[in-house]
Amino acid sequence: MGTLKRSNYCNDLNQTHIGQEVTLMGWVLRRRDHGGVIFIDLRDRYGLTQVVFNPELNAEVHAKAHGLRSEWVIAVRGRVSGRPDGMVNSKLATGEIEILVDELRILNRSKTPPFPLDEDVEVSENLRLKYRYIDLRRPQMAEALVKRHQACQAIRTFLNDLNFLEIETPVLTRSTPEGARDYLVPSRVNAGRFYALPQSPQLFKQLLMVAGMDRYYQIVKCFRDEDLRADRQPEFTQIDMEMSFITEEEIIEVAEGMINRLFQATLNLEVAPPFPRITYREAMDRFGTDRPDTRFGLELTSLTEVVKDCSFKVFKTVVEKGGMVKSINAKGCADFSRKDLDDLTSYVANFGAKGLAWVKMKENGEWQSPIAKFFTEEERKAMAATLGAETGDLLFFVADTPAVVHAALAELRLELARRLGFMPAGSFNFIWVTDFPLVEYDQEAKRFTAVHHPFTAPREEDLELLESDPGKALSRAYDLVLNGTEIGGGSIRIHQMELQEKIFLALGITPEEAREKFDFLLQALELGAPPHGGLAFGLDRLMMILCGRESIRDVIAFPKTQKAGCPMTDAPASVARKQLTELSLRPDWKED
RNA sequence: GGGGUCGUAGUUCAGUUGGUUAGAAUGCCGGCCUGUCACGCCGGAGGUCGCCGGUUCGAGCCCGGUCGGCCCCGCCA
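All values reported here derive from a predicted model rather than from experimental measurement.

## Digging into unusual backbone geometry
Then, in step 1: Looking along the chain, the bond that leaves Pro-273 and enters Pro-274 is cis, with omega of 5 degrees.
Then, in step 2: Structurally, Pro-274 can be placed in the loop between helix H6 (248-267) and strand S11 (277-279).
Then, in step 3: Despite not being glycine, Asn-268 has its phi angle at roughly 55 degrees, a positive value.
Then, in step 4: Mapped onto the elements of the fold, Asn-268 is located in the loop between H6 and S11.

Written as structure tokens, this is what we have:
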């Protein structure tokens, strides 16, 4: 760069700077070479500035500028000049001015980039990930990283002011049963033993409460070796927090304040807590899911009572077998085509529904429906009344086990909302889901598993149920849901050894196993553990929604592909045999 | 583990019933051009049709397999 020193960014010059000498550094986004005058759009993280090379002002520099190409890195020194009349570009923050260049330095050349940066063409994600450092030069990608930074900054400021301490916890830790598959790291100095990367710092943060740290938080990487989705990466970031001598209400208040501050800092938006709350039971009844998208209606209505004695065998049989019949009334959608209905039917089949019955409400309560003939007029009237069905409505029905009915209709509800445009950009609906069951029965494992995690406290009034009917016991857990995505969850924890042992027992973890795997926790619970609780947010998901993106990959600087690989570094990669033998590992796979 | 979908020029895509030399736009290279802002005009280069095998006189197109991207189910306390 020689003696040149950057004086300004590419977004901050305007009319007030006219006449000043400035030095800008950045990348060549576009060049418009008129043979005579040459225009370069110079780009840095902050924005764009048009720089001008005029042969009449400086022939030597103009000649040099002739060779500039896309993504070359340059420094220009020149004078800020107001643009001539009629040449102002209102689409540009710096559109009132341009730089008349006196000195041009080429700091680095660039090969032609593998994909264009100056146009809105959709580039394959694989290529973007392979050259992620180029992809991140695009303003919309940089913007996500900026917002993510602003969010983290807001979180730290907010929690610091409430006496929280940011404390790091180990990345090399031990594998514990339950939960997701662990990423394992072999120990060189302890042959045959392995560390596990943390699925979350859950137990460490509890132990920090036992240590009297009172309030802890951490923005921390977590690792789960499970298959990927648009909203799931094997390594992801949690905003993890824990408090001592605390109740659900206080935790929720802190969380709401933090989320509000975060939206202020990133979008300058008030999300106006307190957020509404719904119990798990009600969420399932009304939305078929424990993470309802509350931006729109299309709620589920039970018809089980109405149709239990009806003449339609399919419904009747399902009810007799203990199943249920539920319905969604898509108001005013009777104009859906046969193809729409076929598409929706095969869509819900993905979620286990064996069929999707529908009714188009015509004039005078007439049904246009393949199943109309199976019902008496009274039955049709009763069903329509229950659903509030009017002329022009489209009714959908699913009859099956509760699990299938809820899964199918919850997904149908979302698909309808997508088709009807009920998910506008920039709307953010939060809702707390409370009163989760403590445990659920795992048919495959033939035992109960924790709905939240094994350290979640049951409601005091449900303690007796632990032995008599564990499935009925409710927990002191809560999830925060944003636009139908679970963005965070937490609970009041168990802080007494006896209760923790009892829960382990209910989960089919024997006292011996508990002592082997969780001895450190049980000991701590006997050594002055205070009542405590907390929660964790998924930062990636939160930022994805906040930035209006479809995938968390768009808010992660260097994400993984669906096969958990990195096209840029080509990780995971094979290692030298010596590295394995040092770790006392003997491969049985074929080597390249 | 399973279902779906995609893979053709640097990039984004088209490619008919299987038929001669695989096209477009953009980018790239060269030339012209002094007020553009996705500058314009003229010319040129650029292809292992993901890979392997099969069917066929003949395959980008059909069949089998395989690799990779994406979406989903299972999985994700």
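Let us keep going from here.
## Topic: the pairing of strand S2 (residues 38-44)
In the case of a regular strand, side chains alternate between the two sheet surfaces.
Then, in step 1: Across the seven residues of S2, seven count as buried, placing the element largely inside the fold.
Then, in step 2: When strand S1 (residues 21-33) meets S2, the two strands line up antiparallel, connected through six bridges. What sits directly across from Trp-27, in S2, is Arg-43.
Then, in step 3: Hairpin connection, S1 to S2: the antiparallel pair is bridged by four residues, and Gly-35 has positive phi, about 85 degrees.
Then, in step 4: As paired strands, S2 and strand S3 (residues 47-53) are joined by seven bridges and run antiparallel to one another. Residue pairing in the sheet places Ile-38 in a bridge with Phe-53 of S3.

## As for the nonpolar core
Then, in step 1: Judged by nonpolar contacts, the single largest core of 64 residues is most densely connected at Leu-159, Met-241, Ile-259, Phe-263, Phe-430, Ile-487 and Phe-537.
Then, in step 2: With eight residues, H6 is the single largest residue contributor to this core.
Then, in step 3: Residues in contact with Phe-263, not counting those within four places in the same chain, are Asn-268, Leu-269, Val-271, Phe-428, Phe-430, Leu-482, Leu-542 and Leu-546.
Then, in step 4: Listed in part, the 24 residues of the second largest apolar core include Trp-358, Val-405, Ala-408 and Leu-414.

## Focus: the side chain of Asp-554
Then, in step 1: Along the chain, Asp-554 turns up in the loop between helix H16 (539-546) and helix H17 (577-582).
Then, in step 2: What makes Asp-554 buried here is its relative accessible area of 16%.
Then, in step 3: If we ignore the near neighbours within four places in the chain, the residues touching Asp-554 are Arg-128, Arg-132, Met-141, Ala-144 and Arg-549.

## Quick look at empty space enclosed by the protein
Then, in step 1: Using the criterion set out here, one finds one cavity of 30 Å³ or more in the structure.
Then, in step 2: Of the volumes computed, that of the largest cavity is approximately 30 Å³.
Then, in step 3: Forming the boundary of the largest cavity are Leu-438, Val-439, Ala-450, His-453, Pro-454, Phe-455, Thr-456, Ile-503 and Leu-507.
Then, in step 4: Per-class residue counts for the lining of the largest cavity are seven nonpolar, two polar and no charged.

## With respect to the pattern of salt bridges
Then, in step 1: Within this structure, the stated rule accounts for 47 salt bridges.
Then, in step 2: The residue Glu-235 makes a salt bridge to Lys-560 at a minimum N-O spacing of 2.9 Å. Taken together, the residues Glu-235 in strand S10 (residues 235-244) and Lys-560 in the loop between H16 and H17 connect sequence positions 325 residues apart.
Then, in step 3: Close ionic contact of Asp-393 with Lys-331 constitutes a salt bridge, the shortest N to O distance being 2.7 Å. Linking Asp-393 in the loop between helix H11 (377-387) and strand S16 (394-400) with Lys-331 in the loop between strand S13 (324-330) and helix H10 (338-349), this pair joins segments that are 62 residues apart in sequence.
Then, in step 4: In this structure, a network of salt bridges that share partners links the residues Arg-128, Arg-132, Asp-135, Arg-138 and Asp-554.

## Quick word on the protein's contact with RNA strand B
Then, in step 1: Within the structure, RNA strand B sits among 48 residues, and Glu-56, Met-87, Glu-98, Glu-226 and His-452 are positioned closest to it.
Then, in step 2: Measuring from a phosphate oxygen of RNA strand B, one finds a side-chain N or O atom of Arg-553 at 2.7 Å.
Then, in step 3: Each residue belonging to the surface near RNA strand B can be placed in one class, and the counts come to 14 nonpolar, 16 polar and 18 charged.

## Things to note about the pairing of strand S18 (residues 439-442)
Then, in step 1: Two elements, S18 and strand S19 (residues 447-450), share four bridges in a ladder whose sense is antiparallel. Following the sheet pairing, Asp-442 is matched in S19 by Arg-447.
Then, in step 2: The antiparallel hairpin formed by S18 and S19 contains four residues in its connecting segment, where Lys-446 sits at a positive phi of about 55 degrees.

## Quick notes on the confidence of the model for chain A
Then, in step 1: Within chain A, residue pLDDT values average 95, and 99% of them lie at 70 or more.
Then, in step 2: Scoring of the predicted complex yields 0.95 for pTM and 0.94 for ipTM.

## Describing the sheet that holds strand S4 (residues 73-82)
Then, in step 1: Spatially, the five strands close up into a barrel ordered S1-S2-S3-S5-S4, and their pairing is mixed. Direction aside, the axes of adjacent strands within the sheet are offset by 55 degrees on average.
Then, in step 2: In terms of strand pairing, S1 meets S4 through seven bridges, oriented antiparallel. Bridge pairing in S4 places Met-25 opposite Ala-75.

## Some details on the packing of H10 against helix H12 (residues 402-420)
Packed helix pairs are specified by the crossing angle of their axes together with the interaxial distance, meaning the distance between the axes.
Then, in step 1: Remark: H10 packs on H12, axes separated minimally by 9 Å, with the N-to-C direction vectors making an angle of 140 degrees. Between H10 and H12, the angle falls in the class oblique. The handedness of the crossing between H10 and H12 comes out as right-handed. For the pair formed by H10 and H12, the contact residues are Asp-340, Asp-343, Leu-344, Tyr-347 and Val-348 on the first element and Ala-408, Glu-411, Leu-412, Glu-415, Leu-416, Arg-418 and Arg-419 on the second.
Then, in step 2: The class makeup of the residues in the contact of H10 with H12 is six nonpolar, no polar and six charged.

## Focus: the environment of Trp-367
Then, in step 1: Relative to the elements of secondary structure, Trp-367 occurs in strand S15 (residues 367-368).
Then, in step 2: Judged by relative accessible area, Trp-367 falls into the buried class, the value being 10%.
Then, in step 3: Separated by 118 residues in the primary sequence, Trp-367 and Thr-485 have C-alpha atoms spaced 36 Å apart.
Then, in step 4: With near-sequence residues (within four places) excluded, Trp-367 lies in contact with Val-359, Lys-360, Met-361, Ala-372, Phe-375, Arg-380 and Met-383.

Cut-offs applied
- Residue indices begin from 1 for each chain and proceed along its sequence in written order.
- Here every chain gets a letter starting at A, and every ligand a number starting at 1, in the order they are written.
- Note on the predicted model: pLDDT of at least 70 is required for a residue's local features to be given, and 80 or more for side-chain atom pairs to be given and counted; whole-chain, interface and lining totals, by contrast, use all residues.
- Side-chain metrics rest on all non-hydrogen atoms present in the structure, leaving aside hydrogens and water.
- In this text, helices come from DSSP runs of H or I with a minimum length of four residues, and strands from runs of E with a minimum of two, each type numbered from the N-terminal end.
- For each residue, the accessible area found with a 1.4 Å probe, counting protein chains only, is set against the maximum for its type, and the residue is called buried under 20%, exposed over 50%, and partly exposed in between.
- Strands qualify as paired when DSSP identifies two bridges or more between them.
- We call a set of buried Ala, Val, Leu, Ile, Met, Phe, Trp, Tyr and Cys residues a nonpolar core when their side-chain atoms join them within 4.5 Å.
- The contact definition used throughout considers only heavy atoms, calling two residues in contact when any of these lie within 4.5 Å.
- Residues are said to line a cavity or pocket when one of their atoms sits within 4 Å of a point; the points come from a 1 Å grid over protein atoms alone, cavities being sets where a 1.4 Å probe fits but cannot get out and pockets being open sets with protein on both sides within 12 Å along at least five of seven lines.
- Grid points are joined across faces, edges and corners, and a volume is the space filled by probe spheres set on the points.
- Three residue categories are used. Nonpolar comprises Ala, Val, Leu, Ile, Met, Phe, Trp, Tyr, Cys and Pro, charged comprises Asp, Glu, Lys and Arg, and polar comprises the others, including Gly.
- Only one rule defines a salt bridge in this text: a Lys or Arg side-chain nitrogen within 4 Å of an Asp or Glu carboxyl oxygen.
- The near set for a molecule or strand comprises every residue that places at least one heavy atom within 4 Å of it.
- Within 3.5 Å is the distance limit for a polar contact, defined as a pair of N or O atoms, with the added protein rule that one can donate a hydrogen and the other accept it, and that residues adjacent in sequence qualify only through two side-chain atoms.
- Each residue gets a pLDDT score, which is the predictor's confidence in that residue and runs from 0 to 100.
- Interaxial angles span 0 to 180 degrees and are taken between N-to-C directions of axes, which are lines fitted to C-alpha atoms, for helices over the stretch in contact.
- Geometric relationships in this document are graded by angle, where less than 35 degrees denotes roughly parallel, more than 145 denotes roughly antiparallel, 65 to 115 denotes roughly perpendicular, and other angles denote oblique.
- A clockwise turn of the near helix away from the far one marks a right-handed crossing, whereas an anticlockwise turn of less than a right angle marks a left-handed crossing.

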